[in-house]
Amino acid sequence: MIFETHAHYDDEKFKNDQDETIKRVHDSGVDPIINVGASIESTKTTLALADKYDFIYAAVGVHPSDISDLNEETFDWLKKQTMLEKTVAVGEIGLDYYWDKEPDIQEAQRYWFKRQLSLAKESSLPVIIHSRDAAEDTMQIMKEACAQGIEGVIHCYSYSKEMALEFIKLGFYIGVGGVVTFKNAKKLVETVAEIPLDRILLETDCPYMAPEPKRGTRNDSSNIPSVIEKIASIKGITAGEVEEITRKNAFNLFRKIKRWE
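Residue indices begin from 1 for each chain and proceed along its sequence in written order. Side-chain atom pairs in this predicted model are given and counted only at pLDDT of 80 or more, local residue features only at pLDDT of at least 70, and totals for whole chains, interfaces and linings cover all residues. The basis for every side-chain value is the complete set of non-hydrogen atoms in the structure, without hydrogens or water.

## Observations concerning the overall build of the protein
Helix and strand assignments come from DSSP, with helices taken as H or I runs of at least 4 residues and strands as E runs of at least 2, each series counted from the N terminus. Looking only at helices and strands, one finds nine helices and eight strands in the protein. The quantity called the radius of gyration is restricted to C-alpha atoms. Its globule counterpart is 2.2 Å times the number of residues to the power 0.38. For 261 residues, the compact-globule estimate of 2.2 N^0.38 gives 18 Å, and the C-alpha radius of gyration of the protein, at 17 Å, lies within 12% of that figure. Here the protein holds 261 residues, and the buried ones make up 54% of them. At a minimum sequence separation of 6, the contacts of the protein that also span at least 24 residues come to 76%. Buried, partly exposed and exposed residues are distinguished by accessible area as a fraction of the type maximum, computed with a 1.4 Å probe on protein chains only: under 20%, between the cut-offs, and over 50%, respectively. Here, residues are in contact when the closest pair of their heavy atoms is within 4.5 Å.

Set out below in structure tokens:
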């Protein structure tokens, strides 16, 4: 069975066939699935999916590009959601300087990133980190998080292999999805080759980032075997070994999920 650590099945792109897609994905051997909030509204729809399906769990949080959602009232609401039984992580949270280049907005991102990390600390939950064009600030903040005993994964990893090794030294995992199969993914391939398999988590970020040969189409978790095959090829091991070890990794991080076979 494949552990999907980052999906967005509440996305608008699944509105016409959400139940059918989730059932098909589950029947294909994906279980469990963590659906990840990215705004206050998508956190609500994520929680609804976790309530509906016994194999779907929730990550609650606000993406850096949606921090306009956050104020003391909504932050207090978010805090309450971390206490729910099927909430297994805080995320996706972090920094995104690709879209937001204004210094005041970046400062606000850092503020709410740290505030949401505090939720993870208080609730003893791991974090799912989004970081784009913000490597230095992300590293500094994650060093502070590590000092507080916070664990987590750097989702959709896009930085250097050297930085990946630094994140791993801090105790964090590296999220690898469809991008590793892209023809222009030299940097990520080098990273996967360099880092230990016991620090890799499988993810899709679906409906985005479909792997080759389906790049450009709507992604879902049934495409993860393409990612597994690529990682196996890079590491010179079997697909079965990749599936087994990454599954164990995910259960080690998301400890509220107790569903071992």
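## What to know about the sheet that holds strand S8 (residues 200-202)
Only when DSSP finds a minimum of two bridges between them are two strands counted as paired. One open sheet holds the eight strands; their spatial order is S1-S2-S3-S4-S5-S6-S7-S8, and the pairing between them is parallel. Looking at the sheet topology across the chains shown, the edges are occupied by strand S1 (2-7) and S8. Ignoring which end each strand starts from, the neighbouring axes of this sheet average 30° apart. What counts as an axis is a line fitted to C-alpha atoms, over the stretch in contact for a helix, and the angles between N-to-C directions run from 0 to 180 degrees.

## Considering the pattern of salt bridges
When a carboxyl oxygen of Asp or Glu is within 4 Å of a side-chain nitrogen of Lys or Arg, the pair counts as a salt bridge. Scanning the entire structure with this criterion turns up 11 salt bridges. The salt bridge partner of Arg-255 is Glu-151, with a shortest N-O separation of 2.5 Å. Of the two residues, Arg-255 is situated in the segment after helix H9 (239-253) and Glu-151 in the loop between helix H5 (135-147) and strand S6 (152-154); the sequence distance between them amounts to 104 residues.

## Points about the side chain of His-63
Its location among the elements puts His-63 in the loop between strand S3 (56-60) and helix H3 (72-81). Polar contact is the term for a pair of N or O atoms within 3.5 Å; when the atoms are in protein, one must be able to donate a hydrogen and the other to accept it, and sequence-neighboring residues count only if both atoms are side-chain atoms. Polar contacts involving the side chain of His-63 include one to the side chain of His-130, which spans 3.4 Å. Ignoring sequence-local partners within four residues, the contact set of His-63 consists of Ala-38, Glu-92, Asp-96 and His-130.

Everything listed is a geometric property; what it means functionally is a separate question.
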